[in-house]
Amino acid sequence: GDFADISGNGMRLLSESLASKDDWLPLFDESNMRSALLGGKTKAAAAVYYEDMYVDFDCCMKLVQRGMPLEGVKVWVTNEYQHSGLRDDGANIFKKIMAMAKGAINVPS
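Residues numbered from 1 in each chain as written. Predicted model: local features only at pLDDT ≥ 70, side-chain atom pairs only at ≥ 80, totals over all residues. Heavy atoms only, no water.

Caption draft 1: Quick look at the overall build of the protein. Looking only at helices and strands, one finds four helices and two strands in the protein. In the protein, the succession of helices and strands from N to C terminus is α-α-β-α-β-α. A buried classification covers 19% of the 109 residues belonging to the protein. A sequence separation of at least 24 residues applies to 64% of the contacts in the protein between residues at least 6 apart. Looking at the protein as shown, the accessible area adds up to about 8,200 Å², and 55% of this sits on carbon and sulfur atoms. (Helix = DSSP H or I, 4+ residues; strand = E, 2+ residues; numbered from the N terminus. Buried < 20%, exposed > 50% of the residue type's maximum accessible area, 1.4 Å probe, protein only. Contact = heavy atoms within 4.5 Å. Areas by Shrake-Rupley, 256 points an atom, 1.4 Å probe, with all protein chains shown as cover.)

Quick look at the structure:
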C-alpha cells in the first residue's frame with residue numbers, strides 16, 4: 001500500500017488507534033474548525049498550489065476566506081510546486097509552513 005515503506009514504524013497501529021478514537025468532536029464540523037483556529041489554541045498553515053491538478057485552487061481559497069471554516073489558516077500560495085510538493089521538497093515546505101503557523105515568518109497570500 002501507500003505506507004509500505006514505513007509500515008514497520010507503527011503506521012497500522014496508529015491508523016487503527018485513530019480510527020477507533022471516539023472522544024473528540026467531529027473533525028469536519030464548520031463551527032468546531034472555526035473555533036479551534038480562531039480561539040488561539042490551534043495554529044495552522046498550508047501550501048496551496050496554483051496549478052495543482054487534483055485540488056481545486058478556488059475551492060481552497062474559498063475555505064480560508066473570512067467567515068469560512070478555515071479562516072484562521074495561514075496560506076502560502078505558490079506555483080513553485082505541483083501536487084507532489086511534499087514528495088519533491090517536503091522538508092523545505094514543511095519548515096516553511098511550520099514557521100508560518102508559529103508566526104516566525106509572514107508569507108503574503
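Caption draft 2: Inspection of the nonpolar core at higher detail. Core analysis: the largest hydrophobic core is formed by seven residues, namely Leu37, Val48, Met61, Val64, Val73, Val75 and Val77. Core analysis: the second largest hydrophobic core is formed by six residues, Tyr49, Trp76, Tyr81 and Met100 among them. (Core = buried A, V, L, I, M, F, W, Y, C linked by side-chain atoms within 4.5 Å.)

Caption draft 3: The arrangement of a nonpolar patch on the surface in detail. A contiguous nonpolar surface patch, about 290 Å² in accessible area, is contributed by Leu14, Leu18 and Trp24. Following the sequence through the fold, Trp24 ends up in the loop between α1 (11-20) and α2 (30-38). (Patch = residues over 30% accessible without salt bridge, like charges linked within 9 Å, V, L, I, M, F, W, Y side chains within 5 Å. Salt bridge = Lys/Arg side-chain N within 4 Å of Asp/Glu carboxyl O.)

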